[in-house]
Amino acid sequence: MMMMVMMWEGSAVCPSQENARHGPVFTQEPSDSIFPMSTGDKLVFLNCKAKGNPLPHYRWKVDGRDINTDSDLNYSLVEGNLLINNPHFINHGGVYQCIATNTFGTVVSREAKVQFAFLQNFSRKPRQTVSVREGQAVVLLCGPPPHHGEIHYSWVFNGQRGFLQQDARRFVSQRTGNLYIAKVEASDAGNYTCAVRNMMTNATVFSSPTPVVVRRDVVMGEYEPKIEVQFPDKLPVSKGSSVKLECFALGNPVPSISWRRADGNPLPGKIKINHSAGVLEIPYFRPEDAGVYECDAENSRGRNVARGQLIFQNVEHLHWAQTVKDAHMAIDANLQWECKAIGKPRPTYRWLKNGQPLTATGRVHVEAGRLTISKITLSDSGMYQCVAENEFGSVYASAELKVVASPPDFTQRPVKKSTVIQRGAEMVLECRPSASPRASISWWRGGEFLKSSERQTIMEDGTLRITNISKSDEGRYTCVARNHFGASSSAGILVVKEPTKIIVPPLSSDATVGQSVVLPCEVSGDSSLSPVFKWFFNGKAIDFSRQEHFEMIGGGFAGDLMVRSIQLKHSGKYVCMVHTEVDTVSAAADLIVRGPPGAPEGPLVTDVTDTTVQLSWGSGPDNHSPVTMYMVQARSPFSIGWQTVRTVPDSVPGQMMHATVRDLNPWVDYEFRVVAINNVGVGEPSTPSKQIRTKAAVPKVAPVNVSGGGGARGELLIMWEPVPEEQQSGEDFGYVVAFRPLGSSTWIQTVLASPDASRYIYRNDSVAPLSQFEATVGVYNSMGEGPFSRVAKVLSAEEEPSEAPSRVRARALSASEIEVSWESVPPGSSREKIIAYEVLFWEEGSQQSEADGVRVISNTALLSGLKGSTVYVISVRAQNSAGLGPSSSSLNITTKKPPPRQPPGSIEWNLTNSKIFLNWEHVKAMENESEVTGYKVAYRQNWSGRTTVLETNKTSVELQIPSGEGYLIEIKPLTEGGDGTSSGPIRIPKMSSLNSKGCVFSVSVKIRCLMLFIVSLWL
């Protein structure tokens, strides 16, 4: 007997690895095929491939007979595939099956039906002449030759190139191939040839001609329709297929064909009717297409009806719902396999072993798709197949049965080498060797054989269980396994430790947001163990590397949790879990975090008046500290953010969820929100309420700061500050302006309908300048008139100055500036003070209307930005609140010549310690330029610092500067026409205490100057 040693557990053995030895399994199987015989390829190839270790070998059957590829030259094998050379449609058609075999067994493939499409020639025997009377019907028989595969029938008339066209009188049946002529006409005489085409091979053959002679001696009379071509009484049609119904009638006159459903329902829109209604086609057949169809043939002599029923055939292709799987079983075990296939019609089942039918005998029981073999032996090993089949096909499922016999073996699952457990706990030691048949188990501690007792139990599967472990249970435990093939053993050590206990557990506590708390966790236990602390928050382990608020402190047998800057989200259950090698203990505590209340729930506004609303809201979370009071805030388009508003009651207690908001402004859009307060602090505000508008009311606020005065002669100007929009209290807001001369009892009133108005001008030439008036401004809106302001005294406009300034003088300061001065208008000449003077100036020769002006409040003015060497005309006039007075007599003055455009040149400098010596060429003015009267030298530290200016009438200067600093120097000529063109910045580098020189010349001189500078540095 050959023994196979494998792992097993109970009655099942673990699957082998990928490269393990196994029986054949098909990866490719042959399938039904139709091969056209007309192709040039004379080879037919049937696929078959199986995997297995060792590699399987193959053989084939056809119609149940073995194929001998050695003796039959038409067959050959290419690996597992079958090659048919020069096939014959009769000899080589049939049902083929591939068989794969290796040392573990045999499997057979599904059956594959092989057919050949062919079309033989017609017999060359001449056909008899058909004689028919005119008006009579005739049927010409085709009689096709032997063939296989779909064919198509046509007829040829008198050898014409095209096929005979079908119409209401002539019909070719694709079921019989016959040509039907309902009523013969004289033109029908001639030769008729039947053409048959194989749709797979594309071959066409032609029959011998059938002569048709039309007799004209006697004409056939009229007769009622006779249906000659009709469809079956009952026709099964499968789902999704296409069905064609033929119907053709003979008769005189030629009958017309129509179609209908017997149940009266209309024909589906997808139906096609062709060949002059002789063919009805239903594509994509569905259940609703089933029923009785009627063909109606009718002419003037009568009618005839053919009926047939289309039956929906619900065919579902076979497929597996449950297949069998390879089984690796121990000897004497019981095998049960079950396979289930789904299909319509319902399938039947049969079983094969190594390709041969398996019958129910003795230990083998077969019941439909269920196979049972009791107390399996080595001879039961092999390849099994479940075959499900119905009239439309079959499916195969394969599985391998390996029966294993082996002595006990602990290689894969030895007893645990070392078990460490706490005192008082329960120990479970497994003993699970692989063995076939199953081994008997015994246990030993040292040299002591163990029996089941009150504390120790040897369980049915061989596991040793000891309860209430003590120090005396320590030692070496050995499991011994035996079956009739051999024995084996495996051992492990048991070590007993003291249990771990939490002696300082975390305690439930309270905290306030922002505080820090420590939850203690301290344990006692076996000194040889190292406890590992883990903390859990609301069931999730705390990751201290990613949590800034949590920190574990302590060490050794303590692992306290510190929660820093505690937040509301830290409320919950905290668990300290301590792991050791032998046990796990835990303790829990609840932490309550108190914080400011959460936001109250959606405020609701009701009972809106002009100054009050009723506001209600829902309570939000109190965050473990009861709400003591609520604060109501409002926001309008005129407020700066949210503002606390007054309520009734003034202080809303925490138990009250409503309040009356008062002192609101009428006709204003408001939103409201509520803020809760507790002993911890002020909470988050609620979401804003829906915006509402208070009702309109009569205005209650009058304008303020009513004043007046100014304006043109004969005007009374009254001004005020407009009432803010939020205090206008309604639509159509405006002002009522009332005024009267001082001492009069009659008020003059006018209405201004603009809410933005801030002034009113009353014009009347009879009003004397600076007359005293009393004025007040009231308000109104669509609801009525509001209050008036306090009465203010205002003056009417004064008259313009009547005199011009006198003794106007002018002095040219430079080419671009003129200074103008004058004497003020005498105080007595105007009833109100002069507020400004206007100086007008323009170039001689231009119009005064083009003049520029300068407005000043003193008696002098500086005119700048002027042209050099240009004559300007100047005039001055006074201004008061009423306007401008008359202009003074005009005065002509000429600006000085402009300064030279040429900057100072040939600049040289010499730095010695803290002194800079500068000299340059004198700038010569041109004829139209002012003469140079001196120079202005400006200097400062490089790009920063205060600028110092020195004036000189020489072309050289000596500057005293601190040593060790770099300087920028600039030189400008001075003239009576102003400052001339600058030399540009001259950079004196930082030179410490060295003597150095430099110069600024034109480009051609700069090279020589630079060489001089370098030499001076060297020296």
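For every chain, the first residue of its written sequence is number 1, and the numbers climb from 1 along that sequence. Where local features are concerned, this predicted model is filtered to residues with pLDDT of at least 70; where side-chain atom pairs are given and counted, the filter is 80 or more; whole-chain, interface and lining totals use all residues. Hydrogens are left out, water is left out, and the side-chain values use all remaining heavy atoms of the structure.

Take the environment of Phe35 next. Mapping Phe35 onto the fold places it in strand 2 (residues 33–36). Taking the C-alpha atoms as reference, Phe35 lies 8.4 Å from Met200; in sequence the two are 165 residues apart. Two residues form a contact once any of their heavy atoms are found within 4.5 Å. Leaving out residues up to four positions away in the same chain, Phe35 has contacts with Val44, Phe45, Leu46, Val114, Gln115, Phe116 and Ala117. Secondary structure counts use DSSP, requiring at least four H or I residues in a row for a helix and at least two E residues in a row for a strand, with both numbered from the N terminus.

The next point concerns the state of the cysteines. Disulfide assignment relies on a single distance test, namely cysteine sulfur atoms paired within 2.5 Å. On inspection of all chains with the given rule, the structure shows 6 disulfides. Disulfide partner of Cys142: Cys194, at an S-S distance of 2.0 Å. With the S-S dihedral at roughly -75°, the linkage between Cys142 and Cys194 falls on the left-handed side. Note that Cys142 is positioned in the loop between strand 13 (138–140) and strand 14 (147–148) and Cys194 in strand 18 (residues 190–198), a separation of 52 residues in sequence. Each residue is placed in one exposure class: buried if its accessible area under a 1.4 Å probe, protein chains only, is under 20% of its type's maximum, exposed if it is over 50%, and partly exposed if it falls in between. For Cys142, a relative accessible area of 1% translates into the label buried. On the basis of relative accessible area, Cys194 is assigned to the buried category, the value being 0%. Cys521 shares a disulfide with Cys576; S-S distance 2.0 Å. Taking the sign of the torsion about the S-S bond as the criterion, the disulfide between Cys521 and Cys576, at about -80°, is left-handed. Here Cys521, found in the loop between strand 52 (517–519) and strand 53 (522–524), pairs with Cys576, found in strand 58 (residues 572–579); they are 55 residues apart in sequence, far enough to count as distant. What makes Cys521 buried here is its relative accessible area of 0%. Note on Cys576: relative accessible area 0%, which makes it buried.

Once that is clear, we can look at the environment of Gln115. Along the chain, Gln115 falls in strand 11 (residues 112–119). Taking the C-alpha atoms as reference points, Gln115 and Asn623, separated by 508 residues in sequence, lie 85 Å from one another. In this structure, Gln115 is in contact with Ser33, Ile34, Phe35 and His148, ignoring residues within four places of it in sequence. For the purposes of these results, a polar contact is taken to be a pair of N or O atoms within 3.5 Å, where, inside protein, one atom must be able to donate a hydrogen and its partner to accept one; residues adjacent in sequence count only when each atom of the pair is a side-chain atom. In this structure the side chain of Gln115 is engaged in a polar contact, spanning 3.3 Å, whose partner is the side chain of His148.

Let's shift gears to the environment of Pro236. Within the secondary structure, Pro236 sits in strand 22 (residues 234–238). Pro236 sits in the partly exposed class, given a relative accessible area of 49%. Spatially, the C-alpha atom of Pro236 lies 9.2 Å from that of Ala290, the residues being 54 residues apart in sequence. Dropping the residues within four chain positions of it, Pro236 is found in contact with Ile311 and Gln313.

Glancing now at the sheet that holds strand 46 (residues 456–458). For two strands to pair, DSSP has to find at least two bridges joining them. Within the open sheet, the 3 strands sit side by side as 42-47-46. Their pairing is antiparallel. The sheet terminates laterally at strand 42 (427–429) and strand 46, the two strands that pair on one side only. Neighbour to neighbour, the strand axes of the sheet diverge by 10° on average, direction disregarded. Two strands pair when backbone bridges link them, and strand 46 and strand 47 (residues 464–466) are joined in this way by 3 bridges, in the antiparallel orientation. Paired with Gln456 across the two strands is Ile466, which belongs to strand 47. Interaxial angles span 0 to 180 degrees and are taken between N-to-C directions of axes, which are lines fitted to C-alpha atoms, for helices over the stretch in contact.

On to the pairing of strand 7 (residues 75–78). Note on strand geometry: in a regular strand, side chains alternate between the two faces of the sheet. Alignment of strand 7 against strand 8 (residues 81–85), held across 4 bridges, turns out to be antiparallel. Bridge assignment links Tyr75 to a residue of strand 8, and that residue is Ile84. Here strand 7 folds back onto strand 8 in antiparallel fashion, the turn holding 2 residues, of which Glu79 has a positive phi close to 55°.

Here the focus is the confidence of the model for the protein chain. Per-residue pLDDT for the protein chain averages 88, and the proportion of residues at 70 or more is 94%. On a range of 0 to 100, pLDDT expresses the predictor's confidence in each residue. Ignoring residues within four places in sequence, the model shows residues 1002–1019, a span with pLDDT below 50, making 15 contacts including any to other chains.

On to the sheet that holds strand 13, then. With respect to topology, 3 strands assemble into an open sheet ordered 13-17-16, the strand pairing being antiparallel. For this open sheet the edge positions go to strand 13 and strand 16 (170–172), each flanked by a neighbour on one side alone. In this sheet, neighbouring strand axes are inclined to one another by 15° on average, regardless of whether the strands run parallel or antiparallel. For strand 16 and strand 17 (residues 179–181), the ladder comprises 3 bridges, and the chain directions are antiparallel. What sits directly across from Val172, in strand 17, is Leu179.

What follows concerns the side chain of Asp526. With respect to the secondary-structure elements, Asp526 resides in the loop between strand 53 and strand 54 (532–537). His is not counted here, nor are the chain ends, while Lys and Arg score as positive and Asp and Glu score as negative. For this document, the term salt bridge refers to a Lys or Arg side-chain nitrogen within 4 Å of an Asp or Glu carboxyl oxygen. Buried Asp526, no salt bridge; nearest opposite-charge side chain is Lys497, N-O distance 4.5 Å. There is a polar contact of 3.0 Å between the side chain of Asp526 and the backbone nitrogen of Glu498. Reaching out from Asp526, the side chain makes a polar contact with the side chain of Ser528 at a distance of 2.6 Å.

Glancing now at the pattern of salt bridges. For the structure shown, the criterion picks out 40 salt bridges. Ionic pairing is found between Asp510 and Arg594, a salt bridge with its closest N-O pair at 2.3 Å. Of this pair, Asp510 sits in strand 51 (residues 509–512) while Arg594 sits in strand 59 (residues 584–594), placing them 84 residues apart in sequence. Judged by its relative accessible area of 41%, Asp510 falls in the partly exposed class. The salt bridge involving Arg564 is made with Glu551; its shortest N-O contact spans 2.3 Å. Of this pair, Arg564 sits in the loop between strand 57 (560–563) and strand 58 while Glu551 sits in strand 56 (residues 550–553), and the two are 13 residues apart along the sequence. One connected set of salt bridges, linked through shared partners, spans Arg260, Glu294, Asp296, Arg303 and Arg307.

Mapped onto the fold, Thr463 is located in the loop between strand 46 and strand 47. Take Thr463: its relative accessible area is 4%, and that puts it in the buried class. Separated by 3.0 Å, the side chains of Thr463 and Asp461 make a polar contact. Those residues within four positions of Thr463 in sequence are excluded, and the remaining contacts are Val428, Leu429, Glu430, Cys431, Trp443, Thr457 and Ile458.

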